[in-house]
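Overview (structure and organization)
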Amino acid sequence: MHEHTTYIKAKALVDEARAKGLRLTTAESCTGGLVAAALTDIAGASDVFDRGFVTYSNAAKCDMLGVADALLNVHGAVSAEVARAMALGAIEHSLADVAVAVTGVAGPGGGSLEKPVGLVHFACARRDGGVDHVERRYGPQSRAEIRAASVTQALDMMIDAVDAAQRRP
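Note that the structure is predicted; figures quoted are calculated from it, not measured. (Residues numbered from 1 in each chain as written. Predicted model: local features only at pLDDT ≥ 70, side-chain atom pairs only at ≥ 80, totals over all residues. Heavy atoms only, no water.)

**Examining the pattern of salt bridges**
Pairs can form between side chains of opposite charge whenever their charged atoms are close. The line we're drawing: A carboxyl oxygen of Asp or Glu within 4 Å of a side-chain nitrogen of Lys or Arg is what we treat as a salt bridge. Helix and strand definitions follow DSSP, with helices as H or I runs of at least four residues and strands as E runs of at least two, each counted in order from the N terminus. Exposed residues in this analysis have more than 50% of their type's maximum accessible area, buried residues have under 20%, and partly exposed residues fall in between, with area computed by a 1.4 Å probe over protein chains only.
Counted by the stated rule, this structure contains eight salt bridges. A salt bridge links D156 to K9, with the shortest nitrogen-to-oxygen separation between them at 2.6 Å. Of this pair, D156 sits in helix α6 (residues 143-164) while K9 sits in helix α1 (residues 2-20), placing them 147 residues apart in sequence. The exposure class of D156 is partly exposed, given its relative accessible area of 25%. Look at the salt bridges and you will find they share partners, linking K11, D15, R18 and D47 into a network.

This is the structure we're talking about:
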């Protein structure tokens with residue numbers, strides 16, 4: 001059932017981005033490219049999907065997206081600040097108009113009291129301005145469930161951003 005919902009959301013996003021002439025990109029950590037995979041499951045996604053960044057390590061976040069080392073050191077990879085920097089970096093390092101970023105603790109290990117398993121930060125940036133952030137605490141679900149819920153959240157944020165974006169001239 002969940003895969004069907006993901007497909008419907010991804011198709012709606014691709015169709016609307018195409019209608020507005022907008023390009024999309026993803027910057028993913030804990031989802032490991034699953035948002036990009038959901039988009040590229042849609043026939044014709046090449047019309048709108050520019051590229052996906054899978055930046056699992058902190059070094060990759062810095063090298064590929066320009067996330068500042070200091071930001072990672074102060075806030076940690078799983079933070080609102082880093083999610084925002086990832087989304088803005090994806091815009092800057094791509095041809096896209098809308099970028100989503102996902103960073104979190106998918107488990108089953110790696111959590112702490114401050115950053116428990118199931119904590120995921122999302123950011124969605126538009127080239128024409130604005131970065132939205134959402135924090136989700138999915139709780140003690142399985143790794144697969146946390147990642148699947150994260151894909152749905154990321155697609156929802158991109159749909160909202162495309163809705164709000166101006167048609168490309």
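**Considerations on the pairing of strand β5 (residues 131-137)**
What counts here: A pair of strands counts as paired when DSSP detects no fewer than two bridges linking them.
Here seven bridges tie strand β4 (residues 119-126) to β5, and the two strands are oriented antiparallel to one another. Bridge pairing in β5 links A123 to H133. Counted along the chain from β4 to the antiparallel partner β5, the turn is four residues long, and its residue G129 has a positive phi close to 115°.

**Things to note about the environment of A43**
Mapped onto the fold, A43 is located in the loop between α2 (34-40) and β2 (49-54). Sequence spacing of A43 and K11 is 32 residues, and the spatial spacing of their C-alpha atoms is 8.7 Å.

**Here we look at the side chain of H121**
The following threshold applies: Think of a polar contact as two N or O atoms within 3.5 Å of one another; within protein, one of them needs to be a possible hydrogen donor and the other a possible acceptor, and neighboring residues in sequence only count if both atoms come from side chains. Contacts are assigned to residue pairs with any non-hydrogen atoms lying within 4.5 Å of each other.
Relative to the assigned elements, H121 resides in strand β4. The class of H121 is buried, set by a relative accessible area of 6%. At 3.4 Å, the side chain of H121 forms a polar contact with the backbone nitrogen of A80. Only 2.8 Å separates the side chain of H121 from the side chain of H133, close enough to count as a polar contact. Not counting the four nearest positions on each side in its chain, H121 is found in contact with V78, S79, A80, A83, A101, V102, T103, H133, V134 and E135.

**Here's the deal with the nonpolar core**
The following threshold applies: Buried Ala, Val, Leu, Ile, Met, Phe, Trp, Tyr and Cys residues that are joined via side-chain atoms within 4.5 Å together make up what is termed a nonpolar core.
If you look at the biggest cluster of nonpolar residues, it comprises 35 residues, and the most contacted ones within it are L13, L24, L39, F122, L155 and M158. Among the elements that take part in this core, α6 stands out by supplying ten residues, more than any other. Filtering out sequence-adjacent residues up to four positions away, L39 remains in contact with A10, L13, V14, T26, A45, F49, L155 and M158. Counting residues in hydrophobic clusters, the runner-up holds 18 residues, among them C62, A85, A87 and A99.

**Observations regarding the environment of V134**
Looking at the element boundaries, V134 is found in strand β5. Not counting residues up to four positions away in its chain, the partners in contact with V134 are V120, H121, F122, Q153 and M157.

**With respect to helix α3 (residues 58-65)**
All of the buried residues along α3 are A60, K61, C62 and L65. Elements that come into contact with the buried residues of α3 comprise β1 (24-28), β2, α4 (69-75), α5 (80-92) and β3 (98-104). One or two steps after α3, the chain reaches G66, where phi turns positive at roughly 75°.

**As for the sheet that holds β2**
Counted only if it meets this: In this analysis, axes come from line fits to C-alpha atoms, helices being fitted only over the stretch in contact, and the angle between any two N-to-C directions falls in the range 0 to 180 degrees.
What the five strands build is an open sheet, ordered β2-β1-β3-β4-β5; its pairing is mixed. Of all the strands in the sheet, the pair left with one neighbour each is β2 and β5. Each neighbouring strand pair of the sheet contributes to a mean axis angle of 10°, computed without reference to strand direction. Alignment of β1 against β3, held across five bridges, turns out to be parallel. The partner of A27 across the bridge, within β3, is A101. Each of β1, β2, β3, β4 and β5 is contacted by α5, which is oriented at about 35° to β4, the strand it contacts most.

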